[in-house]
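Letter by letter, the chains look like this.
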Amino acid sequence: MIETFFGADQLDTPRAMLAALLIGLAFGFVLERAGFGSSRKLAGIFYFRDMTVLRVMFTAVVTAMLGLAFAFASGWVAPDQVYALPTVYKAQIVGGLLFGIGFVISGWCPGTAAVGAACAKWDAVAFLLGTTLGAVAFNELFDILQRLGIVPGAHTGEVIGEPSEPLVAFGMSPALFALLFTAVAIAAFHAAEWVEKRVGGGGKYLGSPVLKALSIALAICAAALFILPDPLDAPAAPAAGLAHVELLHAIETAQDHLEPEELADRLVAGGQELVVVDVRPPAEYAAFHIRGALNISLPDLPEALEPYRNRGLIVLYSNGMTHPAQARDALARLGFTNAYLLTDGLQGFIERCLKPVSLRSEPLPPDEAAKVRTWRAFFLGNESAPAAAPAGKAPSSTSDNLPALVTTQ
Amino acid sequence: MSQLTEGDRGPAAYANPYLSGVLLGLTLLASYLILGAGLGASAGTARLGAFVEQCLAPAHVAESAYFGRWVEGGRSILYYYLVFMFVGVFLGGLLSAVLASRIRPGVERGRAFGAAPRLLLALGGGLIAGFASRLANGCTSGQALSGGAMLLNGSLVFMACVFVGGYAAAWFVRRQWHD
């Protein structure tokens, strides 16, 4: 998974500035290599004289489009890691038409003019001066444009409109759109070669190995997109969705529970890595708690239990089961695979493990009765009391603190 | 690096356009995967314009509806990743041009067309393009290339409109290229 500067909210850090500078360096280098430091070459596309702009631009768009679609579909980068420019139709239609007019009048666009200026083309410098003035003019006319309804009324960000979703493609599946776009681009390349040849002298890449190889490679990549899951469904959803299904399955099969008897046995046996957590308020914890339990409030659980993440056994309990169950689910979502909750809570523990044999409505088999006596001695005796303390001889100070132990029924 | 002779403007001197396109596409992809944002150029010159206006009338820029958003937070208008990218584009172009011995100062135009009117057309076209790229939130780099690769509806519409506008106006300014 890639974390981008934008995704990490660090697009305004010095490191991002350096990265942008280096990417710009590559951008400018490639533009100059392609011949975009020349306005005559750039304007050529509008007179069918030199279709280089079409070749370079559409090859670049298709290459990046397929690359991005693969990056999204394979989960390499999540869609929320990339900034998607807002879609503001009116502004982009008017802006696009005007931009095309400005482009053909000047023979430049901003990126190529930066390269042209580097090549000491004074018309590129004049163009860049014009664009700064145009931006100032836009700022001055902003209110009027809003009143005309070309610019949306609410303007809150650094750009017009609200960020949009990536890979919208007019509601088409991204793979289908990319395939159609690739097909149109390949057809346009061949048409451009043909047109150039007819208008005069150009079209020298028609039938060339490079164009053939590129056409085949792009077509294969575009078709391969259909094998991969939908780019927008692929990234975060499957992993998280699977975890939720597993979680719900664990709940259904009661794998998230630990029975009071088992907890009691494990505690009496000792020796294992077992963390018992009492999530009740401190006052209730002070009144009575399962021997050895820690008192941790719900919000503190993830941090306090971090040392025990997937080590040993974590058992959560409260009086009932609601809060521990919710807390266990939260911990499971955080990646704890060893968190359990105590079935029937502390009330169940007292009822099933600590209730004196003599007070039970049904008589217990002798072995179970012996167990209850052991548990009572362990959990109700003071911490140093031997496990084999005689039944029913728990210190009165502790049993006095036991709420509702005798009066439950 | 091919040494260019005077008057040689043929495509032979330049890199294969399809290979250039693939490299440009990979640069754009790298921008998305590293920065998390596409390429951009017009924001660089627009911020330069805002910066100059701020030097002349700081209070006016601070309270203006569009540029005002760029001065919030107290940072310099020029401290923005696309300004650095713009500087990078200039330097990258310079590096490539030096390596290819393609730096030849002059005003590019048809032989039958004067330098002064050509500069005026470039300035005027720049004014329109600068205004339009603010209106559309980007230019050929930010919208057509970057937004198009992300399959953004608005960017794809923008791309189509650029060609419609360009072809519609091409006839009127054809003379500047007549030899």
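Residues numbered from 1 in each chain as written. Chains lettered and ligands numbered in written order. Predicted model: local features only at pLDDT ≥ 70, side-chain atom pairs only at ≥ 80, totals over all residues. Heavy atoms only, no water.

1. Some thoughts on the overall build of chain A
Piece 1. The secondary structure content of chain A amounts to 17 helices and five strands.
Piece 2. Taken across its 409 residues, chain A has 48% of its residues classed as buried.
Piece 3. Within chain A, contacts between residues separated by at least 24 positions form 63% of all contacts whose residues are at least 6 apart in sequence.
Piece 4. As presented, chain A carries roughly 18500 Å² of accessible surface, and 64% of it is formed by carbon and sulfur atoms. (Helix = DSSP H or I, 4+ residues; strand = E, 2+ residues; numbered from the N terminus. Buried < 20%, exposed > 50% of the residue type's maximum accessible area, 1.4 Å probe, protein only. Contact = heavy atoms within 4.5 Å. Areas by Shrake-Rupley, 256 points an atom, 1.4 Å probe, with all protein chains shown as cover.)

2. Description of the side chain of B:Gln176
Piece 1. By the element assignment, B:Gln176 lies in the segment after helix H8 (153-170).
Piece 2. For B:Gln176, a relative accessible area of 1% corresponds to the buried category.
Piece 3. A polar atom in the side chain of B:Gln176 sits 2.9 Å from the backbone oxygen of A:Ile105.
Piece 4. Contacts of B:Gln176, omitting those with residues within four sequence positions, involve A:Val104, A:Ile105, B:Arg109, B:Gly110, B:Phe113, B:Arg118 and B:Leu121. (Polar contact = N/O pair within 3.5 Å; in protein donor to acceptor, adjacent residues only side chain to side chain.)

3. Looking at unusual backbone geometry
Negative phi characterises most residues that are not glycine, and trans characterises most peptide bonds.
Piece 1. Of note in the backbone geometry, A:Ala120 takes a positive phi value of approximately 60° without being a glycine.
Piece 2. Turning to its location among the elements, A:Ala120 is positioned in the loop between helix H5 (110-118) and helix H6 (122-140).
Piece 3. Relative accessible area serves as the criterion here: at 11%, A:Ala120 is assigned to the buried category.
Piece 4. Its identity is not glycine, yet B:Asn137 carries a phi of approximately 65°, on the positive side.
Piece 5. Topologically, B:Asn137 is positioned in the loop between helix H6 (115-135) and helix H7 (140-149).
Piece 6. A relative accessible area of 7% places B:Asn137 in the buried class.

4. Side note on the nonpolar core
Piece 1. Counting 105 residues, the largest nonpolar core has A:Phe58, A:Phe99, A:Phe181, B:Leu24, B:Leu35 and B:Tyr81 as the members making the most contacts within it.
Piece 2. No other element matches helix H3 (residues 52-73) of chain A, which puts 15 residues into this core.
Piece 3. With sequence-adjacent residues up to four places away left out, B:Tyr81 is seen in contact with A:Leu11, A:Met17, A:Ala20, B:Leu35 and B:Ala37.
Piece 4. Listed in part, the 23 residues of the second largest apolar core include A:Ala264, A:Ala293, A:Tyr317 and A:Val372. (Core = buried A, V, L, I, M, F, W, Y, C linked by side-chain atoms within 4.5 Å.)

5. Details of the sheet that holds strand S1 (residues 257-258) of chain A
All names here are of chain A.
Piece 1. If you walk across this open sheet you meet the five strands as S1-S5-S4-S2-S3, and the pairing is parallel. Unpaired on one side and paired on the other, S1 and strand S3 (294-295) mark the two borders of the sheet.
Piece 2. Sheet topology note: the strand S2 (residues 274-278)/strand S4 (residues 313-317) ladder contains five bridges and is parallel. In the strand pairing of S4, Val 275 is matched with Ile 314.
Piece 3. The sheet strands contacting helix H11 (residues 260-269) are S1, S2, S4 and strand S5 (339-342), and the helix crosses S2 at an angle near 125°.
Piece 4. The strands touched by helix H14 (residues 322-333) within the sheet are S4 and S5, with S5 carrying the most contacts at an inclination of about 175°. (Pairing = 2+ DSSP bridges. Axes fitted to C-alpha atoms, helices over the stretch in contact; angles between N-to-C directions.)

6. Some thoughts on the confidence of the model for chain B
Piece 1. Residues at a pLDDT of 70 or more form 93% of chain B, whose mean pLDDT is 91.
Piece 2. Counting interchain partners and residues more than four positions distant, the pLDDT-below-50 stretch residues 1-12 of chain B has 19 contacts. (pLDDT = per-residue confidence, 0-100.)

7. As for the interface of chain B and chain A
Piece 1. Contact residues are listed per partner, giving 124 residues for chain B and 137 residues for chain A.
Piece 2. Each partner contributes to the roughly 11300 Å² buried at the junction of chain B and chain A, and carbon and sulfur atoms together form 73% of this total.
Piece 3. Counting across the interface, chain B meets chain A through five salt bridges.
Piece 4. The closest approach of N and O atoms between B:Arg102 and A:Glu32, which form a salt bridge, is 2.8 Å.
Piece 5. Connecting chain B to chain A are 37 residue pairs in polar contact (both at pLDDT 80 or more).
Piece 6. Elements that contribute at least two residues to the side of chain B that touches chain A include exactly helix H1 (17-34), helix H2 (42-56), helix H4 (68-71), helix H5 (81-99), H6, H7 and H8 of chain B. (Buried area = accessible area lost by both parts, 1.4 Å probe. Salt bridge = Lys/Arg side-chain N within 4 Å of Asp/Glu carboxyl O.)

8. Considerations on the packing of aromatic side chains
Piece 1. A complete count under the given rule lists 25 aromatic pairs over all chains for this structure.
Piece 2. Ring centres of A:Phe138 and B:Tyr66 lie 4.8 Å apart, and the angle between their planes is 85°; on these two criteria the pair is classed as edge-to-face. Taken as a pair, A:Phe138 in helix H6 and B:Tyr66 in the loop between helix H3 (58-63) and H4 lie in two separate chains rather than in one.
Piece 3. Measuring from ring centre to ring centre gives 5.4 Å for B:Trp171 and B:Phe172, while their planes differ by 85°; the resulting arrangement is edge-to-face.
Piece 4. When its relative accessible area of 55% is taken as the criterion, B:Trp171 is described as exposed.
Piece 5. Aromatic rings pair up to connect A:Phe46, A:Phe48, A:Phe58, A:Phe99, A:Phe103, A:Phe177, A:Phe181, B:Phe158, B:Phe163 and B:Tyr167 into one cluster.
Piece 6. Above the plane of the ring of B:Trp70 lies B:Arg47, whose end atom (NZ or CZ) is 4.5 Å from the centre.
Piece 7. The residue whose ring lies beneath B:Arg174 is B:Trp171, and the NZ or CZ to ring-centre distance is 4.1 Å. (Phe/Tyr/Trp six-rings, centres within 6.5 Å; stacked < 30°, edge-to-face > 60°. Lys NZ or Arg CZ within 6 Å of the ring centre and 35° of its normal.)

9. A look at the pattern of salt bridges
All names here are of chain A.
Piece 1. This model, assessed by the stated rule, comprises 20 salt bridges over all chains.
Piece 2. As a salt-bridge pair, Lys 355 and Glu 351 come within 3.1 Å of each other at their nearest N and O atoms.
Piece 3. Taking the relative accessible area as the measure of exposure, Lys 355 reaches 6% and is therefore buried.
Piece 4. Salt bridges linked by common partners bring Glu 259, Glu 261, Asp 344 and Arg 352 together as one network.

10. Observations regarding the packing of H3(A) against H1(B)
Piece 1. Viewed as axis vectors pointing N to C, H3(A) and H1(B) meet at an angle of 40°, and their least axial separation amounts to 7 Å. In terms of orientation, H3(A) lies oblique with respect to H1(B). Taken as a pair, H3(A) and H1(B) cross one another with a handedness that is right-handed. For the pair H3(A) and H1(B), contact is made by A:Thr52, A:Arg55, A:Val56, A:Thr59, A:Ala60, A:Thr63, A:Ala64, A:Gly67, A:Leu68 and A:Ala71 and by B:Pro17, B:Tyr18, B:Ser20, B:Gly21, B:Val22, B:Leu24, B:Gly25, B:Leu26, B:Leu28, B:Leu29, B:Tyr32 and B:Leu33, respectively.
Piece 2. The class makeup of the residues in the contact of H3(A) with H1(B) is 14 nonpolar, seven polar and one charged. (Parallel < 35°, antiparallel > 145°, perpendicular 65-115°, else oblique. Left-handed = near helix turned anticlockwise from the far one by under 90°. Nonpolar A, V, L, I, M, F, W, Y, C, P; charged D, E, K, R; others polar.)

11. Observations regarding the pairing of S5(A)
Residues and elements named next belong to chain A.
Piece 1. Bridging between S1 and S5 involves two bridges; their strand directions are parallel. From the neighbouring strand, His 257 faces S5, where its bridge partner is Leu 341.
Piece 2. Note that S4 and S5 share three bridges and pair parallel. Note that in S5 the partner of Ile 314 across the bridge is Ala 339.
Piece 3. In this fold, the crossover linking S4 to S5 by way of H14 has right-handed handedness. (Right-handed = clockwise from strand over helix to strand, strands pointing away.)

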